[in-house]
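Residue-level structural notes
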Amino acid sequence: MIKKNLSPLLLTLFIVSGSYAQDYRWQQRVEYTMDVQLNVASHQMSGTQKLVYYNNSPDTLGKVYYHLNFNAFQPGSMMDVRSRALPDPDRRVADRISKLTDSEIGYQHVKSLLQDGKAVSYNVTGTILEVTLAKPMLPKTKTVFEMKFESQVPIQIRRSGRDNKEGIAYSMTQWYPKLAEYDFQGWHAYQYVAREFQGVWGDFDVTISIDPSFMIAGTGKLQNPDKIGFGYEKPGTTVVKSTSDLQWHFVAKNVIDFAWTADPDYTHDRVLVPNGPELHFFYQKNEKTAETWKKMEDYAVKTFQYLNEHFGKYPFDTYSIIQGGDGGMEYPMCTLIMGEGSLNGLTGVMAHEVTHSWFQMALASNEALYPWMDEGFTDFASSEAEASFLPQENPHARNYASYFALVASGLQEPASQAADHFNTTKAYGTIAYSMGSIFLNQLSYVIGKENFEKGMIRYYNTWKMRHPEPNDFIRVMEKVSGLQLHWYLRYWIGTTKRIDYGINSVIEREGSTYITLERVGEMPMPIDLLITYNDGSKEMYYVSMNELFGNKPQEDKTIPRIENTPWPWVNPTYTLKMLKPVSSIATLEIDPSQRMADINRKNNKWVMADKTTEYKEN
Ligand SMILES: [Zn+2]
């Protein structure tokens, strides 16, 4: 009936509202062209930046914001104050910023800024440049900013800087005036306080002039290898070494940031991953690195192969693993990692940072707001990748152990907080990395491993080269599994409520056994209860939770599964009936896979041999 009477006007309304729904996930775009000169004697840099900015939003913008992150490395900066105020600051920072001298600090000075050729007014507060536009940007328009800037590269304190611990001359990250992201939540113009970044998707064309003895590694593809030398040249060509500055020209397309390093003593190795990408390794070859880096190169290939297969195809054709920085940090198409130390340590950091190419450099969640989606998902996938070539019993066990330790410490906070706002470094680290990783491993318990694995690939293919939000992830998982999962996101990420289920009583009545399960913790979950009989046979009793609106598929086809009516989450207990006497049972166990982060696993298991009277009806 409605169809019959649908007028052209109504049709138009439907189409318009449809396009509004799509509009809400628009994405801004940037195109940077930068030309910088780094003076390796003064550690100062001058540069020009042309930025074409596309306003794809439905809003008119009167202002834009840039990050000037080098400014964080000055006494009295928010990074300095926060580090000195925290009870357990990052030891790499501690009070070091407060002691920097004028020649050791970092800064970024904007010398001039034009919008479409007209001067704009701007002001700098800490690490944020606030620009009042000469002409407001209308929806679906672009504008061109032209900036001249001068910077000083700080002594390496955190991530960025010169002269890192292992003697790498320049780790150039967060090194240029970088436009802040604007999305459906508004501007993400955060001060640089400690951690985690967010970038606008776009293209970078970067030319760096530097003393000819320095080799550069970084994001993007070198455009002029024939002029550079250093093993970059095509085989058979000879490069005449210049005595004046060399100009390195890089292009990177569809990335959220651009990082680079420079050092006179780099060795450059190249290894091809079958079906791509080509891997580049840059490190100072010496007795501390020569052996471990060669072996790690092989592991890096295996990491890419595993991730390509299980989490979606890496979207670029090159990737560089570069000695630099102060630990390990991810950037588009490259990572900076410390190069010395054991092969195990080096491999772990490499695998973690490589995995960020999926969870941050392709699935670019806002890591300042959702560090668990960035660090946690990375931790999960890199643990699985590493276990594929360095087998271990349970690659996720250490995350559960650190989560349980955080709960016991009383320092747990909701995971939904912005990265810089946690009360302790310990809580941030455990929550972002371990709880974020458990979020996925536990989700595979909730929806079943097969659904979960399909879901991770579908998530990647749906949201790569965009900024997925927590709800985008959970919606993909809901669609793949046919189960409702928003309760799971709310409880695990939005609260500090814990999971604790137990076997409360086992009673025999008229030849049947009644098993009463108890929800001791506040967070509800579906339950796998494995029954092992005296003859060694097993049955899985599955109790869904009512908010799931369904059952996960049977995971282990070798164990018969009995599906029970769902457990309403408000009920503290649930009683199962089995048509067998208690004496036939050897053991009962809740979640034998141990994927559920049950804070008290002692009450999960019931062993007949330990019981003498409890099962008897009295
Ligand atoms: Zn990480």
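This write-up is about the structure you can find in this document. Because the structure is a prediction, the values reported are computed rather than measured.

Overview of the sheet that holds strand β15 (residues 215-218)
Taken in spatial order, the 4 strands line up as β9-β10-β18-β15 in an open sheet, and their pairing is antiparallel. The open sheet terminates on both sides in strands that have one partner only, identified here as β9 (161-162) and β15. Where β9 and strand β10 (residues 170-172) come together, 2 bridges link them in antiparallel fashion. Looking at the pairing, Arg162 lines up with Tyr170 of β10.

Here's the deal with the pattern of salt bridges
Tallied over the entire structure, the rule returns 26 salt bridges. For Lys63, the salt bridge is made with Glu130, and the minimal N-O distance between the two is 2.5 Å. Of this pair, Lys63 sits in strand β3 (residues 61-67) while Glu130 sits in strand β7 (residues 128-137), placing them 67 residues apart in sequence. When its relative accessible area of 22% is taken as the criterion, Glu130 is described as partly exposed. Asp269 is the salt-bridge partner of Lys294, the closest N and O atoms lying 3.2 Å from each other. Remark: Asp269 occurs in strand β19 (residues 266-272) and Lys294 occurs in helix α5 (residues 290-311); sequence separation between them is 25 residues. Accessibility expressed as a relative area gives 43% for Lys294, which makes it partly exposed. When its relative accessible area of 11% is taken as the criterion, Asp269 is described as buried.

Side note on the packing of aromatic side chains
Given two aromatic rings, their pairing is described by the distance between the two centres and the angle made by the two planes. This structure, assessed with the given rule, holds 44 aromatic pairs. Ring centres 5.5 Å apart and planes at 80° place the aromatic pair Tyr32 and Tyr176 in the edge-to-face group. Here Tyr176 lies in the loop between β10 and β11 (178-179) and Tyr32 lies in strand β1 (residues 29-39), a separation of 144 residues in the sequence. For the pair Tyr32 and Tyr176, a shared accessibility class is recorded, and that class is buried. Feature note: the residues Phe311, Phe359, Trp372, Phe377, Phe439, Tyr459, Phe473, Trp487 and Tyr488 constitute an aromatic cluster, connected by ring pairs. Here the guanidinium or amino end of Arg195 rests over the ring plane of Tyr428, the centre of that ring lying 3.8 Å away. Residue placement shows Arg509 over the ring face of Tyr514; its charged tip is 4.9 Å from the ring centre.

Let's talk about the pairing of strand β22 (residues 328-331)
In the sheet, β22 pairs with strand β23 (residues 334-337) via 4 bridges, with the strands oriented antiparallel. In the strand pairing of β23, Tyr331 is matched with Cys334. Two successive antiparallel strands, β22 and β23, enclose a turn made up of 2 residues, where Met333 displays a positive phi of approximately 65°.

Conventions and cut-offs
- Residues numbered from 1 in each chain as written.
- Predicted model: local features only at pLDDT ≥ 70, side-chain atom pairs only at ≥ 80, totals over all residues.
- Heavy atoms only, no water.
- Pairing = 2+ DSSP bridges.
- Helix = DSSP H or I, 4+ residues; strand = E, 2+ residues; numbered from the N terminus.
- Salt bridge = Lys/Arg side-chain N within 4 Å of Asp/Glu carboxyl O.
- Buried < 20%, exposed > 50% of the residue type's maximum accessible area, 1.4 Å probe, protein only.
- Phe/Tyr/Trp six-rings, centres within 6.5 Å; stacked < 30°, edge-to-face > 60°.
- Lys NZ or Arg CZ within 6 Å of the ring centre and 35° of its normal.

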